[in-house]
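Coordinate analysis (summary)
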Amino acid sequence: VQKLITYWACKEAMYKYYSKKEVDFIEHLYVYPIVEKDKGIAIGEIKIGNFNKKLNLHYEKTDEYMLVYTLDEIG
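Residues numbered from 1 in each chain as written. Predicted model: local features only at pLDDT ≥ 70, side-chain atom pairs only at ≥ 80, totals over all residues. Heavy atoms only, no water.

This brings us to a nonpolar patch on the surface. Taken together, the side chains of L67, Y69 and L71 make up a nonpolar region of the molecular surface, amounting to roughly 320 Å² of accessible area. With respect to the secondary-structure elements, L67 resides in strand β4 (residues 66-74). What makes L67 partly exposed here is its relative accessible area of 43%. (Patch = residues over 30% accessible without salt bridge, like charges linked within 9 Å, V, L, I, M, F, W, Y side chains within 5 Å. Areas by Shrake-Rupley, 256 points an atom, 1.4 Å probe, with all protein chains shown as cover. Salt bridge = Lys/Arg side-chain N within 4 Å of Asp/Glu carboxyl O. Helix = DSSP H or I, 4+ residues; strand = E, 2+ residues; numbered from the N terminus. Buried < 20%, exposed > 50% of the residue type's maximum accessible area, 1.4 Å probe, protein only.)

Structural data, given as structure tokens:
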């Protein structure tokens with residue numbers, strides 16, 4: 001269950017990064033496989049129309065929450 005929460009939180013961070021409402025979480029947002037569970041960096045990709053960005057998604061589990069943020073694009 002924790003891994004699914006991490007994936008969902010990563011997709012939420014990408015949704016906020018893109019900041020437009022026509023995003024479909026399944027069709028337009030992809031998170032590459034995550035190895036670590038409580039803390040690390042995942043790679044996410046937003047593909048919608050002509051927009052295509054890969055992002056480093058920093059994630060960290062706190063007591064009750066999963067924090068995910070992005071500071072940089074890849075390539």
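With that out of the way, let us pick up the pattern of salt bridges. What the rule picks out here adds up to 2 salt bridges. When the shortest N-O distance is used, the salt bridge between E45 and K47 registers 3.9 Å. Judged by relative accessible area, E45 falls into the buried class, the value being 8%. With a closest N to O distance of 3.2 Å, K53 and E73 form a salt bridge. With K53 in strand β3 (residues 51-61) and E73 in strand β4, this residue pair connects regions lying 20 residues apart in the sequence. Judged by relative accessible area, which is 27%, K53 ranks as partly exposed.

Once that is clear, we can look at the nonpolar core. Nonpolar side chains in soluble globular proteins tend to end up buried together. Within the largest apolar cluster, 18 residues are counted, with the highest numbers of intra-cluster contacts made by C10, M14, A42, I46, L57 and V68. Those elements giving two or more residues to this core turn out to be α1 (2-18), β1 (29-31), β2 (39-48), β3 and β4. The greatest single-element share of this core, amounting to 5 residues, is contributed by α1. (Core = buried A, V, L, I, M, F, W, Y, C linked by side-chain atoms within 4.5 Å.)

Sheet architecture is open: 4 strands sit in the order β1-β2-β3-β4, paired in antiparallel fashion. Both edges of this open sheet fall to β1 and β4, since each of them pairs with a single strand only. Taking each pair of neighbouring strands and ignoring which way they run, the sheet shows an average axis angle of 30°. In this structure, β1 lies alongside β2, joined through 3 bridges in antiparallel fashion. Its bridge partner being in β2, V31 is matched across the sheet by G44. Relative to the sheet, α1 contacts β1, β2, β3 and β4, its axis offset from that of β3 by approximately 135°. (Pairing = 2+ DSSP bridges. Axes fitted to C-alpha atoms, helices over the stretch in contact; angles between N-to-C directions. Contact = heavy atoms within 4.5 Å.)

Here we take up the environment of L57. Topologically, L57 is positioned in strand β3. Of the residues examined, L57 reaches a relative accessible area of 0% and is grouped as buried. In the structure, L57 is positioned 49 residues away from W8 in sequence and 12 Å away in space, judged by C-alpha atoms. Those residues in contact with L57 that lie beyond four places of it in its chain are C10, A13, M14, G40, I41, A42, I43, G44, V68, Y69 and T70.

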